[in-house]
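# Architecture and fold: a report
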Amino acid sequence: MTNEIKYSIIDSTNNEAQRQLQNGVAPKGDFVIRADFQTDGRGQRGNTWYSPNAMNLMFSYVFFPTKLEVRNQFMLSQASAIAVAEYLKQKGVEDVSIKWPNDVYVGMKKICGMLIENTVSGHYIRYSIIGIGLNINQPTFPDNLPNPISLTKCTGKQYDLDQEFSTIIEILRQKIYDISASNAETLMSQYKSIMLGLDRTLIYRSGGKVFKGIIRDVDRHGMLTVEDAETNVQQSYAFNEVNLVIPEQKKENI
Ligand code: BTN
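Residues numbered from 1 in each chain as written. Predicted model: local features only at pLDDT ≥ 70, side-chain atom pairs only at ≥ 80, totals over all residues. Heavy atoms only, no water.

With antiparallel pairing, the five strands of this open sheet are ordered in space as β11-β10-β9-β8-β12. Sheet topology places β11 (234–237) and β12 (243–244) at the edges, where each strand pairs with a single neighbour. (Pairing = 2+ DSSP bridges. Helix = DSSP H or I, 4+ residues; strand = E, 2+ residues; numbered from the N terminus.)

Moving on to the pattern of salt bridges. Throughout the structure, instances matching the rule amount to 15 salt bridges. Arginine 34 is the partner of aspartate 162 in a salt bridge, and the nearest nitrogen-oxygen pair spans 2.9 Å. Here aspartate 162 is found in helix α4 (residues 161–177), whereas its partner arginine 34 is found in strand β2 (residues 31–38), with 128 residues between them in sequence. According to the relative accessible area criterion, aspartate 162 is partly exposed, its value standing at 45%. Its relative accessible area of 7% is what places arginine 34 among the buried residues. (Salt bridge = Lys/Arg side-chain N within 4 Å of Asp/Glu carboxyl O. Buried < 20%, exposed > 50% of the residue type's maximum accessible area, 1.4 Å probe, protein only.)

Reports often express the size of an interface as the amount of accessible area lost when the parts come together. Along its sequence, the protein is carved into domain 1 (3–193) and domain 2 (201–244). For domain 1 versus domain 2, the separation of C-alpha centres amounts to 25 Å. Across the boundary between the two partners, domain 1 contributes 14 residues, which contact 15 residues of domain 2. For the domain 1 and domain 2 pair, buried surface summed over both sides reaches about 1,300 Å², with 65% attributable to carbon and sulfur atoms. Its largest share of buried area at the contact with domain 2, domain 1 owes to Arg45, Phe74 and Trp100, together 47% of the area lost on that side. Remark: the boundary between domain 1 and domain 2 carries one salt bridge. Note that aspartate 217 and lysine 192 form a salt bridge whose closest N and O atoms lie 2.8 Å from each other. The interface formed by domain 1 and domain 2 includes five residue pairs in polar contact (both at pLDDT 80 or more). (Domains from an automatic or database assignment. Contact = heavy atoms within 4.5 Å. Buried area = accessible area lost by both parts, 1.4 Å probe. Polar contact = N/O pair within 3.5 Å; in protein donor to acceptor, adjacent residues only side chain to side chain.)

Pasting the structure below:
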């Protein structure tokens, strides 16, 4: 049983997990910090992550790997994103995919974002804070978000957040405990089997350039190979060096 600490309100579950670890007051071993509301929810690339009170799941799973080398940290992204994708499939959602490196999409819409922050000791990861924001019961979204979706919008049902949290934690725990050098290939083939844009032409932006590209590969360190669909030139990208351009969505509601 993983220790779970729940807050009605906190700045960010990732921040709270880090504070507890740094102040020596964290539970022993793995634990999860969860909140109904975050005043300073953080996303990737310095973005904010806002979610209305008690509608969606926001939590940080703190994982102490036994021997995971820093250069293999992409496995944490893979395992976590696969876990969320599996959970959504179990809920009956179709067209679930992983947008590199670790967003989870339904069609071309984002249902889940992750902020994974690792603390290292030498060549190894001492602990990983896996922050997950998963849209569950939110019926409508602000107009300024490019492409959000929630579980309720996919299925038309309402969910008990505590119950969904327990389900997803169980799947996530299994997936991250399975991480090891020996199953890197299995993880990679599961990841690629649901990766958005693999061998498919979509629009990408890198630097100032917007181009039609085809993802041809992702390696075990998370480097992405995208082929320019017009020139057939392939290039390798690190996180933040290339972005999928989301097609203009039809706005249904505010
Ligand atoms: C992204 O897609 O930009 C990542 C979003 C991550 C949001 C989650 S919500 C729980 C945890 N606490 C945070 O402050 N961020 C992550």
